[in-house]
Amino acid sequence: MLRQRTIRKPVHAIGIGVHTGDKVRMTLRPAAENTGISFVRTDVRASAPIRATAENVSDTTLSTSLGTGDVQVATVEHLMSALWGLGIDNLVVELSSEEVPIMDGSAAPFIYLISTVGIVEQQAPKQFIRIKRDIKVTQGDAEAVLKPYDGFKAAYTFVADHPVYNRHPKVSELDFSNISYVDQVSRARSFGLIKELPQAQAINKMLGSSLENAVGIDDFDVMNEGGLRYEDEFVKHKLLDVIGDLYLLGRPILGAFEGFKSGHALNNKLARALLRCEDAWEMTTYETPAVAEFGEPIMQPAAI
Ligand SMILES: [Zn+2]
């Protein structure tokens, strides 16, 4: 039987919020089975934990934020994506400020951080959300769909007409029974056109953005020394975001995702639509090892 997972012991990281530019200390702590992922603001007195659920999404402007009452945590998507990739079900994430540290703009530093303490299996069976019929949401010409599928695969079409984007693949379809999230997806960084940065900063977003935590693109080329990490890094990052946003359903999906220009807002609309349509999904566990390929193998602490 596939069982739930948490981390072996607490682990810390320090970084900055990409939107606030503020320094933040993050502590990941093991959590009991069936408690899910939750965030705690240590800088807010008597802050109740904020559960990482699609219903708690409070803002989707350039990143996904969770909030209950006045307390918010921003930019949760890359960490959530890494937790999906490692098959982590239960975790407490403490933050000393309002935003998850951006690290290098991908999910890879979170994977590395967790690898330093390792992952443990718990007793309770791991639960999945099995998609039973198609669910589709739209926003303008953007679309996001979930379909039944015995496994998990995700396809994404990225639409943007720019000389740099036009030189790289804009479509990707990944079946996670064949490929490794850690190797093929987790290293894809956030990206953006440098000329759009002032617009974002005018609304107090991206104040901590730099070439150390994003791929910057000028009129002609990628500005980062060393170029891209994957030939299709842009579309892969879109898939990384989708995976993080959908993991706010609280359990991994057994199904197929197809996205056309979908961003954080539409990803969340899809998750909420699914939860409303109770005939479109069921909770399931796995008794057999047939799906052992889901999630990476149990990670032992790295030798560092
Ligand atoms: Zn992202």
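Everything numeric here is computed off the predicted structure, so don't read it as measured data.

**Quick look at the pairing of strand 4 (residues 37-41)**
- Burial within strand 4 is extensive, with 5 of its 5 residues counted as buried.
- Covered by surrounding structure in strand 4 are Ile37, Phe39 and Arg41 together with Ser38 and Val40, the residues of both alternating faces.
- With 5 bridges connecting them, strand 4 and strand 9 (residues 91-95) associate as parallel partners. Paired with Ile37 across the two strands is Leu91, which belongs to strand 9.
- Pairing between strand 4 and strand 5 (residues 50-51): 2 bridges, direction antiparallel. Bridging from a neighbouring strand, Ser38 pairs with Arg51 of strand 5.

**Digging into helix 6 (residues 233-246)**
- With 14 residues, helix 6 should reach 20 Å at 1.5 Å per residue; the first-to-last C-alpha distance of 20 Å fits that figure.
- Along helix 6, 13 of the 14 residues are buried, which leaves the element largely enclosed by surrounding structure.

**Topic: the sheet that holds strand 2 (residues 11-16)**
- Taking strand neighbours across the sheet as the criterion, the 5 strands line up as 2-3-9-4-5 in an open arrangement whose pairing is mixed. Taken across any chain shown, the strands that pair with only one partner, and hence form the sheet edges, are strand 2 and strand 5.
- On top of the sheet, helix 1 (residues 77-86) reaches strand 3 (23-30), strand 4 and strand 9; it is set at about 145 degrees to strand 4, its chief contact.
- Along the sheet face, helix 2 (residues 108-115) touches strand 2 and strand 3 and points at about 50 degrees away from the line of strand 3.

**Examining the domain arrangement of the protein**
- Per the domain assignment, the segments of the protein are domain 1 (3-126) and domain 2 (129-289).
- In this structure, domain 1 and domain 2 have C-alpha centres spaced 18 Å apart.
- Of the residues lining the interface, 39 residues belong to domain 1; the matching set on domain 2 comes to 39 residues.
- Interface area lost by domain 1 to domain 2 is led by His19, Ala54 and Trp84, which between them contribute 23%.
- Applying the counting criterion to the domain 1 and domain 2 interface returns 2 salt bridges.
- Where Asp104 meets Arg229, a salt bridge forms, and the shortest distance between an N and an O atom there is 2.9 Å.

**Regarding the coordination of the zinc ion**
- Protein-derived ligands of the zinc ion are His78 (NE2), His237 (NE2), Asp241 (OD) and Asp241 (OD), with the metal-ligand distances lying across 2.1 to 2.7 Å.
- In this structure, the zinc ion is coordinated by 4 donor atoms arranged in irregular fashion, with angles at the metal of 53 to 147 degrees.
- In terms of primary sequence, the donors binding the zinc ion are separated according to H-x158-H-x3-D. Within this pair, whereas His78 is found in helix 1, its partner Asp241 is found in helix 6, the two being separated by 163 residues in sequence. Across the pair, exposure class does not vary: His78 and Asp241 are buried alike.

**Comments concerning the nonpolar core**
- Judged by nonpolar contacts, the single largest core of 78 residues is most densely connected at Met26, Leu28, Phe39 and Tyr181.
- Element by element, the count of residues in this core is highest for helix 6, at 7 residues.
- Counting contributing residues per domain, this core is built from domain 1 (3-126) and domain 2 (129-289), each supplying no fewer than three.
- Leaving out residues up to four positions away in the same chain, Met26 has contacts with Val11, His12, Ala13, Leu79, Val93, Glu94, Leu95, Val100, Pro101, Phe110 and Leu113.

The rules behind these values
- Residues numbered from 1 in each chain as written.
- Predicted model: local features only at pLDDT ≥ 70, side-chain atom pairs only at ≥ 80, totals over all residues.
- Heavy atoms only, no water.
- Buried < 20%, exposed > 50% of the residue type's maximum accessible area, 1.4 Å probe, protein only.
- Helix = DSSP H or I, 4+ residues; strand = E, 2+ residues; numbered from the N terminus.
- Pairing = 2+ DSSP bridges.
- Expected span 1.5 Å × (residues − 1).
- Contact = heavy atoms within 4.5 Å.
- Axes fitted to C-alpha atoms, helices over the stretch in contact; angles between N-to-C directions.
- Domains from an automatic or database assignment.
- Buried area = accessible area lost by both parts, 1.4 Å probe.
- Salt bridge = Lys/Arg side-chain N within 4 Å of Asp/Glu carboxyl O.
- Donors = N, O, S within 2.8 Å, 3.2 Å for Na, K, Ca; no water.
- Tetrahedral: all angles 85-135°; square planar, octahedral: opposite > 155°, others 65-115°.
- Core = buried A, V, L, I, M, F, W, Y, C linked by side-chain atoms within 4.5 Å.

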